[in-house]
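Chains, contacts and geometry: an overview
Single-letter residue listing:
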Amino acid sequence: MDLIPRSELTPEQLRAVELPPDQHRVFIGGPGSGKTQVLLHRAAYLRYLLDTSDGNYHIFVYTRALKEYLRAACGLLDLEMGSVDTLDSWCCSFHRRHLRSPMPHDDATGSVDFPAVRAAVLAALERRGGGPPFRFVLVDEGQDLTAEAFELIARLGRHVTVCIDHKQQIYEEGSSEPEILAGLGIRRHNLALLGTYRCTPYIVDVASRLVADPRHRTEFVNQCRIDGAGREQPLLYLADDPQDEMRRLAEILRIRIGKGEKVAVLVPRRAQMLGLAKALTELGFAVETKDSLSFASNRPKVLTYQSAKGLTFDTVLMPRLVRSSFTREPADLIERLLFVGITRAVKWVYLSSTEPGSLAALDAIREAEDSGSLAVQEAADTVAAGAAKARGAERKSEGDGLLDLL
């Protein structure tokens, strides 16, 4: 990840980094407000302040992709890479090392029963007694963890700092701010990181159309402090059919790679992620999925919305915005998923669909066209533009021939 040097943190971010660990802390901040940057710098600060050795602190994130993203920056702050993990992964490791019982299994899903594992780990820690195993624990994207998970987290660290943003809560089992505060035994959040420094005003305007609460929408828009001069309008492409959509996606991807940008292509489902990665590979693109991520490379990442949480890219491409891509999600969850996807971008966002009007969220996004923050392009427009370009090239060729005759 592109770690911001401590000297370039804003006064607000620096204050969050240096708040004393005399009580648990909760920070609130929107996309681009620097929550993840603050969390990493706070880990380095607390490690120095408390003279904490490796293995005696931990940073918990919700996804494996975000884990790899943060680990890529650990060396820059002299933090141990192994100190970053998902809570469930850490709990499974603890269970294997210290509990003499089979790993709980969920027969319905055919996988590990993670809530049961967390409960078993909490019970084991309570039986042991004594103090928490870590001097401090930091948590990113805390709103995606269950309320019960915070009872465990409070038991893991003598000090706990949690970063949250409920506009990005995309898991039904996630927890509310009151539930997080109650789990940590504090009455209110300590600090709100207000500046949305990452996203351009165009991206902020498009994403704001997906924030249902008018007050929260206004707050989100007002957080943007970036001059929009020279920025590109996000583009919504309305394709004729899936083949046309794929053709246009590949064309756009080649252009953004040619600009030297870090690009993510986001889809709702793992099966779509694997299918799209295969199709792009067959077209000659070297891409990575969440199963093969390397943030040291500039290869395009093909991810689900869930696995992209907390990450940032120069450009985000979001194809297949059709109803069939969201078969189980209610309308409000679709809006939060698309909000997360759009706000992963620093410079530009590309969206595409073959069914204009089929998603209420897409209708909401199109409202940004009236404010000049979104360009909408239909397949017929690109065909006409291509034909005009071809005619221009033909006329140029005829002119060159005439010059040869003269």
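A few points on the structure. (Residues numbered from 1 in each chain as written. Predicted model: local features only at pLDDT ≥ 70, side-chain atom pairs only at ≥ 80, totals over all residues. Heavy atoms only, no water.)

1. Some thoughts on the packing of helix α10 (residues 242–258) against helix α11 (residues 270–282)
Keep this limit in mind: The convention used is that axes are lines fitted to C-alpha atoms, helices contributing only their stretch in contact, and that angles between N-to-C directions extend from 0 to 180 degrees. The way it works is that DSSP assigns letters per residue, a run of H or I at least four long becomes a helix, a run of E at least two long becomes a strand, and they are numbered from the N terminus. The labels follow the angle: roughly parallel below 35 degrees, roughly antiparallel above 145, roughly perpendicular from 65 to 115, and oblique for the rest. Helix crossings fall into two classes, left-handed where the near helix is turned counterclockwise from the far one by less than a right angle and right-handed where it is turned clockwise. Residue contacts are defined here by distance: any two heavy atoms, one from each residue, within 4.5 Å place the two residues in contact. For this scheme, ten residues count as nonpolar: Ala, Val, Leu, Ile, Met, Phe, Trp, Tyr, Cys and Pro. Four count as charged, namely Asp, Glu, Lys and Arg, and the remainder, Gly too, count as polar.
At their nearest, the axes of α10 and α11 sit 11 Å apart, and the two run at 65° to each other. Between α10 and α11, the crossing angle belongs to the class labelled roughly perpendicular. Taken as a pair, α10 and α11 cross one another with a handedness that is right-handed. Of the residues in α11, those touching α10 at Met246, Leu249 and Leu253 are Leu276, Ala279 and Leu280. Classifying every residue of the contact of α10 with α11 gives six nonpolar, no polar and no charged.

2. Quick word on the sheet that holds strand β10 (residues 263–267)
What counts, and what does not: Whether two strands pair depends on DSSP finding at least two bridges between them.
Read across the open sheet, the seven strands follow the order β11-β12-β10-β13-β14-β9-β15; overall the sheet is parallel. Since the sheet does not close on itself, it has two edges, and those belong to β11 (288–289) and β15 (375–378), each with one partner.

3. Comments concerning the packing of aromatic side chains
When we look at a pair of aromatic rings, we describe it by the centre distance and by the angle of the planes. Test applied: Any two of the Phe, Tyr and Trp rings considered here, Trp counted by its six-membered ring, make a pair once their centres fall within 6.5 Å; the pair's planes then place it as stacked at under 30 degrees, edge-to-face at over 60, or tilted in between. Three exposure classes are used, based on accessible area relative to the maximum for each residue type with a 1.4 Å probe and protein chains only: buried under 20%, partly exposed in between, and exposed over 50%. Lysine and arginine charges are scored as sitting over a ring when NZ or CZ, respectively, is within 6 Å of the ring centre and within 35 degrees of the ring normal.
For the structure shown, the criterion picks out eight aromatic pairs. Note on tyrosine 69 and phenylalanine 295: the rings are 5.0 Å apart at their centroids and 70° apart in plane angle, and the pair reads as edge-to-face. A residue pair is termed long-range when its members are at least 10 positions apart, and tyrosine 69 in helix α3 (residues 64–74) and phenylalanine 295 in the loop between β11 and β12 (301–304) qualify at 226 residues. Like phenylalanine 295, tyrosine 69 is buried. For the cation-ring pair, arginine 248 lies above tyrosine 237, with the distance from its terminal atom to the ring centre recorded as 5.5 Å. Lying across the ring of phenylalanine 295, lysine 301 places its NZ or CZ 5.7 Å from the centre.

4. With respect to the side chain of histidine 41
Among the structural elements, histidine 41 can be located in helix α2 (residues 35–49). With residues up to four places along the chain from it excluded, the contact list for histidine 41 reads Leu3, Ile4, Pro5, Arg6, Leu9, Val17 and Leu77.

5. Points about α11
Selection criterion: Here the expected span of a helix is defined as 1.5 Å times the quantity of residues minus one. The arc refers to the directions leading from the helix axis to the C-beta atoms.
In this model, α11 (13 residues) spans 18 Å end to end at C-alpha, consistent with the 18 Å of a helix rising 1.5 Å per residue. Within the span of α11, buried status applies to Met273, Leu276, Ala277 and Leu280. The buried residues of α11 all sit within an arc of 105° when viewed along its axis, so they share a single face. More than 90 degrees from the buried face of α11, the exposed residues found are Ala271, Lys278 and Glu282. Its buried side turned inward, α11 meets α10, β10, β11 and β12. Trailing α11 by a residue or two, glycine 284 shows a phi angle of about 100°, which is positive.

6. Considerations on unusual backbone geometry
Trans peptide bonds make up most of the peptide bonds, and negative phi angles are found at most residues other than glycine. Residues other than glycine seldom take positive phi values, yet aspartate 51 does so here, at roughly 50°. With respect to the element layout, aspartate 51 can be found in the loop between α2 and β2 (57–61). Of note, the phi angle at arginine 320 is positive, near 55°, even though the residue is not glycine.

7. Comments concerning the environment of isoleucine 203
With respect to the secondary-structure elements, isoleucine 203 resides in helix α8 (residues 201–208). For isoleucine 203, a relative accessible area of 0% gives the class buried. With 153 residues separating them in the primary sequence, isoleucine 203 and proline 356 have C-alpha atoms 20 Å apart. Apart from the residues within four sequence positions on either side, isoleucine 203 is in contact with Pro234, Ile342, Ala345, Val346, Lys347, Trp348 and Val349.

8. Quick look at the pairing of β10
Counting buried residues in β10 gives five out of five residues, a clear majority hidden from the surface. Of the two faces of β10, both are covered, the one formed by Val263, Val265 and Val267 as well as the one formed by Ala264 and Leu266. Bridge count for β10 against strand β13 (residues 313–318) is three bridges, and the pairing is parallel. Residue pairing for β13: alanine 264 is matched across the bridge by valine 316.

9. What about the nonpolar core?
Short version of the rule: Residues grouped as a nonpolar core are buried Ala, Val, Leu, Ile, Met, Phe, Trp, Tyr and Cys residues, joined through side-chain atoms within 4.5 Å.
One finds Met318, Leu338, Ile342, Leu351 and Ile365 to be the most contacted residues of the largest nonpolar core, which totals 72 residues. Considering each element in turn, this core owes the most residues, seven residues, to helix α12 (residues 331–342). If sequence neighbours within four positions are ignored, isoleucine 342 has contacts with Ile203, Val206, Ala207, Leu210, Met318, Val349, Leu351 and Ile365. Counting 29 residues, the second-largest nonpolar core is a separate cluster that includes Phe60, Val121, Val139 and Leu152.

10. A few points about the pattern of salt bridges
For clarity, the cut-off: The term salt bridge refers to a side-chain nitrogen of Lys or Arg lying within 4 Å of a carboxyl oxygen of Asp or Glu.
Counting across every chain of the model gives 22 salt bridges. A salt bridge links glutamate 141 to lysine 309; the nearest nitrogen and oxygen atoms lie 3.3 Å apart. Highlighted residues: glutamate 141 in the loop between β6 (134–139) and α6 (147–156) and lysine 309 in the loop between β12 and β13, separated in sequence by 168 residues. Assessed through its relative accessible area of 4%, glutamate 141 is described here as buried. Using a relative accessible area of 2% as the deciding quantity, one classes lysine 309 as buried. A cluster of three or more residues bridged by salt bridges with shared partners is formed by Asp244, Arg247, Arg248 and Glu251.

Nothing here speaks to function; it is all geometry.
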